[in-house]
Amino acid sequence: MNTSTAHSFHFKPYNVGRWVIWGGFALLLIVAPQVFRSGLSLTLLSQMGYMVIICLSYNLLLGQGGMLSFGHAVYTGLGAFFAVHAMNLASSGSLPLPLPLIPLVGGLAGLGVAALLGYPSTKKAGTPFAMITLGVGELVFAMSLMFPEFFGGEGGVSANRVYDTRLFGIGFGPATQVYYLIAFYTFVCTAAMFAFTRTPLGRMLNAVRDNPERVEFVGYDTQRVRYLAFMISGFFAGIGGAFVAINFEIVTAETVSAIRSGGYLLFTFLGGATFFFGPIIGAVLLVMSSVLLSEITPAWQIYLGFVFLFMVMYAPGGVASLIMMNLRVAAFGKLGRLWTSYLALGGAGAVLLAALSLVVEIVYHLQLDSSGDGSVKFFGVMLNVSSVDVWVGIALVVATALGLFEFVRRSFLHEWGEAQTEIEKEIKRREAAL
Amino acid sequence: MASGQPPAVELRGVCKRFGKTEIIRGVNLSVAAGERVAIIGPNGAGKSTLFNLISGRFGPSSGEILLHGRPIQGMKPYEINRAGLSRSFQVSNLFGRLSVFENIRCALLWAMGHRYEFWKFLAGLREVNERTDEVLAMIKLDRKRDHLAMNLTYAEQRALEVGITIAGGSSVILLDEPTAGMSKSETNRFVQLIREVTVGKTLLTVEHDMGVVFGLADRIAVLVYGEVLAFDTPEAVRANARVQEAYLGSVLAESQAAGAQA
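Read on for an overview of the structure. None of these values were measured; they are calculated from a predicted model.

1. Comments concerning helix H7 (residues 175-196) of chain A
Residue and element names in this part refer to chain A. Over its 22 residues, H7 runs 31 Å from end to end, which matches the ideal 32 Å to within 8%, given 1.5 Å per residue. Looking only at H7, the buried set comprises Val-178, Tyr-179, Leu-181, Ile-182, Ala-183, Tyr-185, Thr-186, Cys-189, Thr-190, Met-193 and Phe-196. Residues of H7 that are buried make contact with helix H1 (16-35), helix H2 (39-65), helix H4 (102-121), helix H8 (200-210) and helix H10 (222-248).

So this is what it looks like as structure tokens:
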């Protein structure tokens, strides 16, 4: 092994896998509105598109840089406000800017604001960083109420996106045209952010995440690394925010609120911060849950809370890491023996979900329906919740479901652990054979 | 050494206090370029603190520290590193979730002039990537190239720790107990490795293993209670009565006892 290591030759094949993935992503963006043709699905797809940009920009901080920001909506939101004002200036004729360039206004605004507010924020890492971003977020939200000229007060700022049809007769009136504008930016921004992770600064950002102290001893100013990454993140956040303005043609103060920031954090985490593509899944989940889940039940945020808790406890790598772990198991041909465990886990999970939703729905209905006859309809069954029997029954059901789930979870964990041990052995064996 | 050339590292009356406790009490030390110096002393003598002062982890309370004749006291670690000094840590201080290859590459980027670039792909930096592979071959981790740093064995992590330290080509290398926690055979191999990778460099090392110290160092500095008790060739230090009394006597007795047991 000691020979010819100094000038080892690295064969770089034409990376087929990467072309397939990026080609597939582009195709998906192009074809999706043809497959899902309803107006609702176009709305969903448009929102998913720019949420992908926003969640990826957030993960530049969280996943790539280990910076837990509680104020990302500041950069998306101010991007949205600058974009909406730019649209109004453009439609009044005082700014010659076609709509497809408005997202860049948002991006530059995000960049500028991040350059300004990011400086004090990135002076510190860890908990102080998180606290500063929280404070900055509150500050900007408070300002939104103080300066109605810019933030539009209670009603927000509205605009009309159809102000210029000279570009091949495309006026961006129909939602389809807006979707394709979003899809274009989604693809370009995703590619750009992926490219960033493969640059010297992108890699040093990972190093700062893993071990800031050591970074200082290999020549880098960690604060500078964080600051530059923060500005780049702000730029993409602003682009994503501009599409809020373009898509809804109205921007309210809620866009810069801590609730929005929390949403970006929550769904980036759910999607998976440890993998580049995790936030894309997170963005899809964000739109699905805020639009579709809220249709099914008014208590959707409680369910979201449960899911978040569950993920933090059992799958802190998010959906993306669940996918990647299972792909690894599948690659070693061990997924077949796990399927019974998965079935049991799914069954127990469904029972637990049903039991929990029983409690949530009953409590929620009791709060809302003050008609007072104490009866609640759940899955077509009338329950008289004023009687003690029903509550004892519910408590029993929930306890049983919890016990069942915990039992199944443990046996699954055992099976999973065994499969992992076998895979480790296999890897060791292959290495030794090398 | 040409007489006109300033020492690689020079300490003049360096003191360090934490609160009211004085850890380093007026250390004077001058290390010529290309010299290998071992710093020994009992636990709590301030050896690691001295390294932290030189490398910029803390600033000294008073006194001067010069690198190639330039004062560096109070400068940030990255400024001192850019000026040509690199250090390792007693407890491995790696980029755990990055691969072995990435760990070394991160240690090279600044030194090879890539700074905060985000408009170039790492894959396209041919010189950096070739140098990274060279360093991996030097520290004999080329077969572990794509493993995460946190998954390496203890001895491999120590090797990577030294690899990160020497990768950037700094002329002054500080190694803080590089062989701590290693077995006898691992230590022997590792000392050989250190010798290889620090050819032509100024080396300062903190070390407990007297075999390593006497085999590696041109001169030995004995640090006791924050003061340099002796700074001389290994033979002279071994013969020094004060050193015998303060430190070496007990250490030598201990290592002889350990040898007798084994």
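2. A look at the sheet that holds strand E6 (residues 85-87) of chain B
All names here are of chain B. Spatially, six strands are ordered E6-E7-E8-E3-E9-E10 in an open sheet, and the strand pairing comes out mixed. Edge positions in the open sheet fall to E6 and strand E10 (227-232), since each of these has one partner strand only. With strand direction ignored, the average angle separating the axes of adjacent strands in the sheet is 15°. Here strand E3 (residues 36-40) runs beside strand E9 (residues 219-224); their pairing, made up of four bridges, is parallel. From the neighbouring strand, Ile-39 faces E9, where its bridge partner is Ala-221. Sheet strands in contact with helix H1 (residues 47-55) are E3, E6, strand E7 (172-176), strand E8 (202-206) and E9, and its direction is about 150° off that of E7.

3. Re the pairing of E8(B)
Residue and element names in this part refer to chain B. Most of E8 sits inside the fold, with five of its five residues counted as buried. Of the two faces of E8, the one lined by Thr-202, Leu-204 and Val-206 and the one lined by Leu-203 and Thr-205 are each fully buried. As judged from the four bridges shared by E3 and E8, these two strands associate in the parallel manner. Directly across from Ile-39, in E8, lies its bridge partner Val-206. In this structure, E7 lies alongside E8, joined through five bridges in parallel fashion. Note on E8: the bridge partner recorded for Val-172 is Thr-202. Traced from E7 through helix H6 (residues 184-197) to E8, the parallel crossover comes out right-handed.

4. Description of the packing of helix H15 (residues 339-368) of chain A against helix H16 (residues 388-433) of chain A
When two helices pack together, their arrangement is given by the angle between the helix axes and the distance between those axes. Residues and elements named next belong to chain A. Contact pair H15 / H16: the axes reach a minimum separation of 9 Å and the direction vectors enclose 155°. The angle between the axes of H15 and H16 places the two elements in the roughly antiparallel class. Crossing of H15 over H16 shows left-handed handedness. Residue-level contacts link Ser-341, Ala-344, Leu-345, Ala-348, Gly-349, Val-351, Leu-352, Ala-355, Leu-356, Leu-358 and Val-359 of H15 to Ile-394, Val-397, Val-398, Ala-401, Leu-402, Leu-404, Phe-405, Val-408, Arg-409, Ser-411, Phe-412 and Glu-415 of H16. Partitioning the contact of H15 with H16 into residue classes produces 18 nonpolar, three polar and two charged.

The rules we used
- Residues numbered from 1 in each chain as written.
- Chains lettered and ligands numbered in written order.
- Predicted model: local features only at pLDDT ≥ 70, side-chain atom pairs only at ≥ 80, totals over all residues.
- Helix = DSSP H or I, 4+ residues; strand = E, 2+ residues; numbered from the N terminus.
- Expected span 1.5 Å × (residues − 1).
- Buried ≥ 20, exposed ≤ 12 C-beta atoms within 10 Å, placed from the backbone.
- Contact = placed C-beta atoms within 7 Å.
- Pairing = 2+ DSSP bridges.
- Axes fitted to C-alpha atoms, helices over the stretch in contact; angles between N-to-C directions.
- Right-handed = clockwise from strand over helix to strand, strands pointing away.
- Parallel < 35°, antiparallel > 145°, perpendicular 65-115°, else oblique.
- Left-handed = near helix turned anticlockwise from the far one by under 90°.
- Nonpolar A, V, L, I, M, F, W, Y, C, P; charged D, E, K, R; others polar.

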